[in-house]
Amino acid sequence: MDIQPYSTTETLSVGRPWLMSMLGIEANQTVTLDLTAFDETLHWTEASKYQPERKLKSGIPLGKNTTTGLFEPYNAVTNEVQTLTVTGGPTGGTFTITFSGQTTAAIAYNATAAAVQTALEALSNVAPGDITVTGNAGGPWTLTFGGQYLGEDVAQVTTTEAFTGGTSPDITIATTTAGGTAATANGTDLFAGFLFTEVSFYPGATKVAAPLMVHGQIDVAKLPVAFDPSDVPAGSNTQFVYKV
């Protein structure tokens, strides 16, 4: 008789590769999904003739539609993005940026993105994190609004130029992504949790019951749908612990 001790390991997250810990899963809630709101390409796998039912992938971020009371894919707020492009090839000079009535100090025509961001953050209505500036020295510079302006359709900035050299140098401004989201009115821009297990349903079904995970440790990179924790608005009913 072999009485040596043996140890075995059971993977509790089978079918949930994004789940890093089972801690806290007892907080799951049963909710009803609105299947008409899910996208076939993003959220489930095509059925085969041998297995006609379709399956929603586990780990899908969800939000609650306050109009229907049903849960749908989480629709993150859209942040405003504006682009400033220097034209006419100036060789010197400065410019200023005005945002919501506040104007920056003079900024060099060939400023780095960091210098433009610093000038904006010196405004009384812009705190660190409210506007992130990226791009090359001399532009184009991309202004992405967040922080207190998260998901807002903000006013377009304006500029005043004092350039030298070049041919009719100027700065063009374009709103490449308008802030805000059509989903705001129905509540799905507030993150509620993740679909905890894979859920099967048949074509033609419009609703299905499913477990909602509101607490647990996850690996964002392994979620079936792109999810940026920074997109979760302040005040959302978010109780999970995530690991990036």
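Located above this text is the structure these notes cover.
Below: a short report on this structure. None of these values were measured; they are calculated from a predicted model. (Residues numbered from 1 in each chain as written. Predicted model: local features only at pLDDT ≥ 70, side-chain atom pairs only at ≥ 80, totals over all residues. Heavy atoms only, no water.)

## Notes on the packing of aromatic side chains
Rules: Working definition: rings of Phe, Tyr and Trp (its six-membered ring) pair if their centres are within 6.5 Å, and the pair is stacked with planes under 30 degrees apart, edge-to-face with planes over 60 apart, and tilted otherwise. Think of it this way: any DSSP run of H or I at least four residues long counts as a helix, any run of E at least two long counts as a strand, and we number them from the N terminus. Each residue is assigned to one of three classes by its accessible area relative to the maximum for its type, calculated with a 1.4 Å probe on protein chains only: buried under 20%, partly exposed between the two thresholds, exposed over 50%. Criterion for a charge above a ring: Lys NZ or Arg CZ within 6 Å of the ring centre, and within 35 degrees of the ring normal.
Applying the stated rule across the entire model yields 9 aromatic pairs. Summarising the aromatic geometry, the rings of Y74 and F191 are spaced 5.5 Å apart at their centres and angled 75° between planes, so their arrangement reads as edge-to-face. Of the two residues, Y74 is situated in the loop between strand 6 (71-73) and strand 7 (81-87) and F191 in strand 15 (residues 191-195); the sequence distance between them amounts to 117 residues. Classification of Y74 as buried rests on a relative accessible area of 12%. Site record: aromatic cluster; members linked through ring pairs are W18, Y74, F191 and F194. Sitting above the plane of the F196 ring, R16 keeps its charged end 4.3 Å from the centroid.

## A short note on the pairing of strand 15
Applicable threshold: Strand pairing follows a simple DSSP-based rule, namely that at least 2 bridges must link the two strands.
Burial analysis of strand 15 places 5 of its 5 residues in the buried class, the great majority of the element. Two strands pair when backbone bridges link them, and strand 5 (residues 61-64) and strand 15 are joined in this way by 3 bridges, in the antiparallel orientation. Following the sheet pairing, P61 is matched in strand 15 by F194. Pairing of strand 15 with strand 17 (residues 207-213), which is carried by 2 bridges, proceeds in the antiparallel orientation.

## Points about the sheet that holds strand 3 (residues 44-45)
Strand order in the open sheet formed by 3 strands is 3-4-16, with antiparallel pairing between adjacent strands. Two strands lie at the open edges of the sheet, namely strand 3 and strand 16 (199-201), each paired on one side alone. Pairing analysis gives 2 bridges linking strand 3 to strand 4 (residues 54-56), with the strands arranged antiparallel. For T45, the partnering residue across the bridge sits in strand 4 and is K55.

## Quick word on the nonpolar core
Where we set the bar: In plain words, nonpolar cores are sets of buried Ala, Val, Leu, Ile, Met, Phe, Trp, Tyr and Cys residues tied together by side-chain atoms within 4.5 Å.
F99, W141 and L143 are the most contacted members of the largest nonpolar core, which has 22 residues in total. Residue assignment for this core shows that the elements contributing at least two residues are strand 8 (92-99), helix 2 (113-121), strand 11 (131-135) and strand 12 (141-145). Tallying contributions element by element places helix 2 first for this core, with 4 residues. Within the second largest apolar cluster, 18 residues are counted, among which are V31, L35, A192 and V225.

## Focus on the side chain of S58
Threshold: What qualifies as a polar contact is a pair of N or O atoms within 3.5 Å, subject to a donor-acceptor requirement within protein and to the restriction that residues adjacent in sequence count only when both atoms come from side chains. Contacts were defined at the residue level, with two residues in contact if any of their heavy atoms lie within 4.5 Å.
Locating S58 in the fold gives a position in the loop between strand 4 and strand 5. A polar contact of 3.0 Å, which involves the side chain of S58, links it to the side chain of W18. Discounting chain neighbours no more than four positions away, the residues touching S58 are G15, R16, W18, L195, F196, T197, E198 and P224.

## Section: the sheet that holds strand 11
To keep it simple, the criterion reads: Note on geometry: axes are C-alpha line fits, over the in-contact stretch for helices, and angles between N-to-C directions span 0 to 180 degrees.
The strand order 11-12-7-14 describes an open sheet built from 4 strands, whose pairing is antiparallel. The outermost strands of the open sheet, each flanked by one partner alone, are strand 11 and strand 14 (170-177). Geometrically, the sheet is characterised by an average inter-axis angle of 20° between neighbouring strands, direction not taken into account. Contacts between helix 2 and the sheet are confined to strand 11 and strand 12, with strand 11 contributing the most and set at about 160° to the helix.

## Points about helix 2
Rules: Of all possible arcs, the one meant is that of the directions from the helix axis to the C-beta atoms.
Listed in full, the buried residues belonging to helix 2 are A113, V116, A119 and L120. The buried residues of helix 2 all sit within an arc of 125° when viewed along its axis, so they share a single face. Those residues of helix 2 that are exposed and aimed more than 90 degrees away from the buried face are A114 and T118.

## Section: the pattern of salt bridges
Filter applied, for reference: We count a salt bridge whenever a side-chain nitrogen from Lys or Arg sits within 4 Å of a carboxyl oxygen from Asp or Glu.
For the structure on display, the rule yields 2 salt bridges. The residue E40 makes a salt bridge to R54 at a minimum N-O spacing of 3.6 Å. Here R54 lies in strand 4 and E40 lies in helix 1 (residues 40-43), a separation of 14 residues in the sequence. E40 gets classed as partly exposed once you look at its relative accessible area, which sits at 28%. For K55, the salt bridge is made with E198, and the minimal N-O distance between the two is 3.7 Å. Of this pair, K55 sits in strand 4 while E198 sits in the loop between strand 15 and strand 16, and the two are 143 residues apart along the sequence.

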